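Geometric and topological summary
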Amino acid sequence: AQSVTQLDSQVPVFEEAPVELRCNYSSSVSVYLFWYVQYPNQGLQLLLKYLSGSTLVESINGFEAEFNKSQTSFHLRKPSVHISDTAEYFCAVSESWGKLQFGAGTQVVVTP
Amino acid sequence: DAGVTQSPTHLIKTRGQQVTLRCSPKSGHDTVSWYQQALGQGPQFIFQYYEEEERQRGNFPDRFSGHQFPNYSSELNVNALLLGDSALYLCASSSGTTNGADTQYFGPGTRLTVL
């Protein structure tokens, strides 16, 4: 069975500072990895995903995540955050059939 | 191009009642998955429908059932509501492949409150 652990429930960060959200997973087979973002009172939006190939994946809004197979991690980073990045971030894994297993989420609060 | 839509937005029910939630997938998608997101938690997979059949099911009791229509829209039914069923119910759509790599597009959710 697969599982996802997000190590931080809340991460406060100042505007223009860097942020890292940690995600570890366990699975007995190869997985696909995703980061989703949820803004208040909205559904989830895909931020980025790792399927294969380069272990570093990037999103269009400055986030990046690195797949580390030996450490079974998929941490999300952004070098400089904006107020608009305040949201909840979910790490998820999928083994097959599109069944997503989510972590508990990390709330990012960006303050000026 | 409309994304995933869900109705209603909010719903209040009492214990023991039954509820039906509806979802229309993104254009071109034929697979619909349902998730339950309790307050302060990540979404939990309920089940997935493809070609009008339940293809996969998570760890939810039989009180949770669903249906997919020929136009790929879907319904989630919950019978004998419990207080613990209060949550945000999310619908996600994707294409019909089975390798798990496809992006799932989520709707805004239906907030169900059980009193």
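Further up the page is the structure itself.
Described in the following lines is the structure provided in the data block. This structure is a prediction, so every number in the text was calculated from the model and none was measured.

On to the sheet that holds strand β1 (residues 5–7) of chain B, then. Either a parallel or an antiparallel arrangement is found when strands of a sheet pair, and the pairing is made through backbone hydrogen bonds. Residue and element names in this part refer to chain B. Strand order in this open sheet of four strands is β1-β3-β8-β7, and the pairing throughout is antiparallel. Unpaired on one side and paired on the other, β1 and β7 (64–68) mark the two borders of the sheet. Taking the axes of each pair of neighbouring strands and ignoring which way they run, one obtains an average angle of 20 degrees across the sheet. In terms of strand pairing, β1 meets strand β3 (residues 19–24) through three bridges, oriented antiparallel. Each bridged residue has a counterpart across the sheet, and for Gln 6 the counterpart in β3 is Cys 23.

A separate point is the side chain of Gln 48 of chain B. Note that Gln 48 of chain B resides in strand β5 (residues 44–50). Within the structure, Gln 48 of chain B has its side chain in polar contact with the side chain of Ser 33 of chain B (distance 3.1 Å).

We now examine the interface of chain A and chain B. Chain A puts 21 residues into the contact, and the matching count from chain B is 22 residues. The contact between chain A and chain B buries some 1700 Å² in all, and 54% of this surface belongs to carbon and sulfur atoms. For the interface between chain A and chain B, the tally reads zero salt bridges. Counting the contacts that link chain A with chain B gives four residue pairs in polar contact (both at pLDDT 80 or more). Taken together, the elements giving at least two residues each to the side of chain A that touches chain B come down to β5 (32–38), β6 (44–50), β10 (87–94) and β11 (100–102) of chain A. With four residues, β5 of chain A is the largest single contributor of residues to the side of chain A that touches chain B. Taken together, the residues of the side of chain A that touches chain B sort by class into eleven nonpolar, seven polar and three charged.

Counting across every chain of the model gives seven salt bridges over all chains. A salt bridge links Asp 85 of chain A to Lys 78 of chain A; its shortest N-O distance comes to 2.8 Å. A single burial state applies to Asp 85 of chain A and to Lys 78 of chain A, both of which are buried. Across the pair Asp 85 of chain B and Arg 63 of chain B runs a salt bridge, and its minimum N-O distance is 2.9 Å. With Asp 85 of chain B in the loop between β8 (74–78) and β9 (87–94) and Arg 63 of chain B in the loop between β6 (53–57) and β7, this residue pair connects regions lying 22 residues apart in the sequence.

What counts, and where the lines are drawn
- Residues numbered from 1 in each chain as written.
- Chains lettered and ligands numbered in written order.
- Predicted model: local features only at pLDDT ≥ 70, side-chain atom pairs only at ≥ 80, totals over all residues.
- Heavy atoms only, no water.
- Pairing = 2+ DSSP bridges.
- Helix = DSSP H or I, 4+ residues; strand = E, 2+ residues; numbered from the N terminus.
- Axes fitted to C-alpha atoms, helices over the stretch in contact; angles between N-to-C directions.
- Polar contact = N/O pair within 3.5 Å; in protein donor to acceptor, adjacent residues only side chain to side chain.
- Contact = heavy atoms within 4.5 Å.
- Buried area = accessible area lost by both parts, 1.4 Å probe.
- Salt bridge = Lys/Arg side-chain N within 4 Å of Asp/Glu carboxyl O.
- Nonpolar A, V, L, I, M, F, W, Y, C, P; charged D, E, K, R; others polar.
- Buried < 20%, exposed > 50% of the residue type's maximum accessible area, 1.4 Å probe, protein only.

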